[in-house]
Amino acid sequence: MITELIDVHAPAIDVQGLVKSFGDNEVLKGIDLTVTKGEVVCVIGPSGSGKSTLLRSVNLLEEPTGGKVLIEGIDITDPDVDIDRVRTRIGMVFQSFNLFPHLDVMGNLTIAQQRVKKRSKKEAELIAHAMLDRVGLAEKADAYPGHLSGGQQQRVAIARALCMNPDMMLFDEPTSALDPELVGEVLQVMRSLADEGMTMLVVTHEMGFAREVGSRLIFMDGGYIVEEGDPREVLGNPQHQRTKDFLSRVL
Amino acid sequence: MSLRRTTKQKLYRYIVYAVLIAIVVWALVSADWAKLGPLFFNPEVAVKMFPGIITTALVNTLWFTAVAFVGGLLLGVLLALMKLSEIGPFRWIATAWIELFRGLPALLTIFAVGFILPIAVGVRAQELGGPVVLGLIGLILVASAYMAETIRAGIQAVPKGQTEAARSLGMSPMKTTFWIVVPQGFRIIIPPLTNEFVLLLKDTSLLFVVGTFVWSKELTTFARDASTQNSNGTPLIMAAILYLIVTIPLTRFSAWLERRMARQR
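Below is a summary of the structure that appears in this document.

Side note on the sheet that holds strand E10 (residues 224-229) of chain A
Residue and element names in this part refer to chain A.
(1) Moving on: Spatially, E6-E7-E8-E3-E9-E10 is the arrangement adopted by the six strands of the open sheet, whose pairing is mixed. Where the open sheet ends on each side, the last strands, each with one partner, are strand E6 (90-93) and E10. Going from strand to strand, the sheet's axes swing by 15° on average, the running direction of each strand aside.
(2) Moving on: The strands touched by helix H1 (residues 51-58) are strand E3 (40-44), E6, strand E7 (168-172), strand E8 (199-203) and strand E9 (216-221); relative to E7, the strand with the most contacts, the crossing angle is about 150°.
(3) Moving on: Against the sheet, helix H9 (residues 241-250) makes contact with E3, E9 and E10, and its axis sits at roughly 95° relative to E9, the strand it touches most.

Set out below in structure tokens:
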């Protein structure tokens, strides 16, 4: 049982010397990052800086080329670790939502609960209803993803992740695929999650969210963490030239 | 003359319709009905076909098709997954299988299973279930090869994000395949699968090469034998109509399903 190996004092996420190459292309060049429980860490940076790859390495959607990724003290790069088990503790939200189009909202929210957590249908639906309520979509249980707006789909995707009772949530540019008027509803849900103390690692272009909700901001460029610190500090008074250049382009 | 474009288009369409109708009418009128009628549309012969042509022939055709389709589908899923497997030997076996049974005429495969297999195994055909079972095995082999390729294409058409989402929820590769990828792949391949079904329905007519009993005749064999016995082509026309009665609603149903799935996406 993996539960017994979890070190309650260990950081939620501990990335050590992470290197990732795609062929000859080294995307991550040695990343060290620790996220303690309850922290909301936002990652910004130009496209191609490796921020999404970093996030995807944290739940092993990308297999690291070098370095370690520890989740609550467990090194998930160890091939003997039951990664499926660890992943149930890590909620993941994608840019393109990735809801299951052949299942209605309730099906999307219950399938992993039933197939992975072995919950009964009744119990899974009870939890699903509670999570749908939490993202403000209680009345959409019977809808198919194709009938929902982008903002609603993303909120369902967040609810789907929450149904597994994760200890932490990863967000990969959760609002980048949304029409501007739909961004707010998703950020609102993420904000409420942060307020409830959820540990979050968020790759985003929403500087407002990073400033107001983030407890720490990381700026990545060229496969390195260039700068990190209090969001207000980094955004208001960046220390590195590359950070300044980037911020002057996006702010 | 300056007609509006829509008026002009309508006019052209009416001309095309008129020409088509004229051709059909001409074909019907100029055919030698005095000869065709008694030979191919003979009511007396037609009446004699009932109920056998329905209760034996049509029922057998549907049964054989269903068995070959389900068998081919199950084997096809297995072959498709093998072909997509990371394990080399699985891929090789699946590839060889598919190439072999797709490359051979269905008739030869059925013949081979019916006659070569029993000798190879060293028993009499009866001990392997008799000609009907052997013929169906042959048909399943053919069906599996065609369907494997269709299913593989369907599975590969499911976006990678679906697998990533499922794996991120802690689902194993097996559960992801079974609950997320395969169901979506199948929605994509409903039209080609319907096509396979129609092809199989027609291929059941090849089962005669392994031999038939009175009870095991399907539509074509039944009609051909009846046609010989009566020296009359009417049974063949009846069989043709029965094939169409099954296949046309089927393709309509598939088109309807496809539209419904498109809305769901």
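On we go from here.
With respect to the interface of chain A and chain B
(1) Moving on: Contacts between the two partners involve 26 residues from chain A and, on the opposite side, 22 residues from chain B.
(2) Moving on: For the pair chain A and chain B, the summed buried area comes to about 2,000 Å², and 59% of that belongs to carbon and sulfur atoms.
(3) Moving on: In this structure, the connection of chain A to chain B is made through two salt bridges.
(4) Moving on: Among the ionic pairs, Glu164 of chain B bridges to Arg56 of chain A, the shortest N-O distance being 2.7 Å.
(5) Moving on: For the pair chain A and chain B, the interface holds eight residue pairs in polar contact (both at pLDDT 80 or more).

A look at the packing of helix H5 (residues 88-103) of chain B against helix H7 (residues 130-157) of chain B
All names here are of chain B.
(1) Moving on: Here H5 crosses H7 at 120°, and the two axes come no closer than 8 Å. Between H5 and H7, the angle falls in the class oblique. Our pair here, H5 against H7, has a crossing hand that is left-handed. Residues Trp97, Ile98, Phe101 and Arg102 of H5 touch H7, and the partners they reach there are Leu141, Val142, Ser144, Ala145, Tyr146, Ala148 and Glu149.

Examining the pairing of strand E4 (residues 66-71) of chain A
Residue and element names in this part refer to chain A.
(1) Moving on: Of the strand pairs in this sheet, strand E1 (residues 13-22) and E4 are connected by five bridges, and their pairing is antiparallel. In the sheet register, Val15 faces E4, and the bridge partner there is Val69.
(2) Moving on: By the bridge criterion, two bridges tie E4 to strand E5 (residues 74-75) in an arrangement that is antiparallel. The residue bridging Ile71 from the neighbouring strand is Ile74, located in E5.
(3) Moving on: Connecting E4 to the antiparallel partner E5 that follows it, the hairpin turn spans two residues, and Glu72 within it adopts a positive phi of roughly 50°.

Side note on the packing of aromatic side chains
All names here are of chain B.
(1) Moving on: What the rule picks out here adds up to seven aromatic pairs over all chains.
(2) Moving on: Seen in terms of ring centroids, Trp33 and Phe41 are 6.0 Å apart; in terms of plane orientation they differ by 50°. Their pairing is tilted.
(3) Moving on: For the ring pair Phe178 and Trp179, a centre distance of 5.1 Å and an interplane angle of 85° mean the geometry is edge-to-face.
(4) Moving on: Accessibility expressed as a relative area gives 55% for Phe178, which makes it exposed.

Calculation criteria
Residues numbered from 1 in each chain as written. Chains lettered and ligands numbered in written order. Predicted model: local features only at pLDDT ≥ 70, side-chain atom pairs only at ≥ 80, totals over all residues. Heavy atoms only, no water. Pairing = 2+ DSSP bridges. Helix = DSSP H or I, 4+ residues; strand = E, 2+ residues; numbered from the N terminus. Axes fitted to C-alpha atoms, helices over the stretch in contact; angles between N-to-C directions. Contact = heavy atoms within 4.5 Å. Buried area = accessible area lost by both parts, 1.4 Å probe. Salt bridge = Lys/Arg side-chain N within 4 Å of Asp/Glu carboxyl O. Polar contact = N/O pair within 3.5 Å; in protein donor to acceptor, adjacent residues only side chain to side chain. Parallel < 35°, antiparallel > 145°, perpendicular 65-115°, else oblique. Left-handed = near helix turned anticlockwise from the far one by under 90°. Phe/Tyr/Trp six-rings, centres within 6.5 Å; stacked < 30°, edge-to-face > 60°. Buried < 20%, exposed > 50% of the residue type's maximum accessible area, 1.4 Å probe, protein only.

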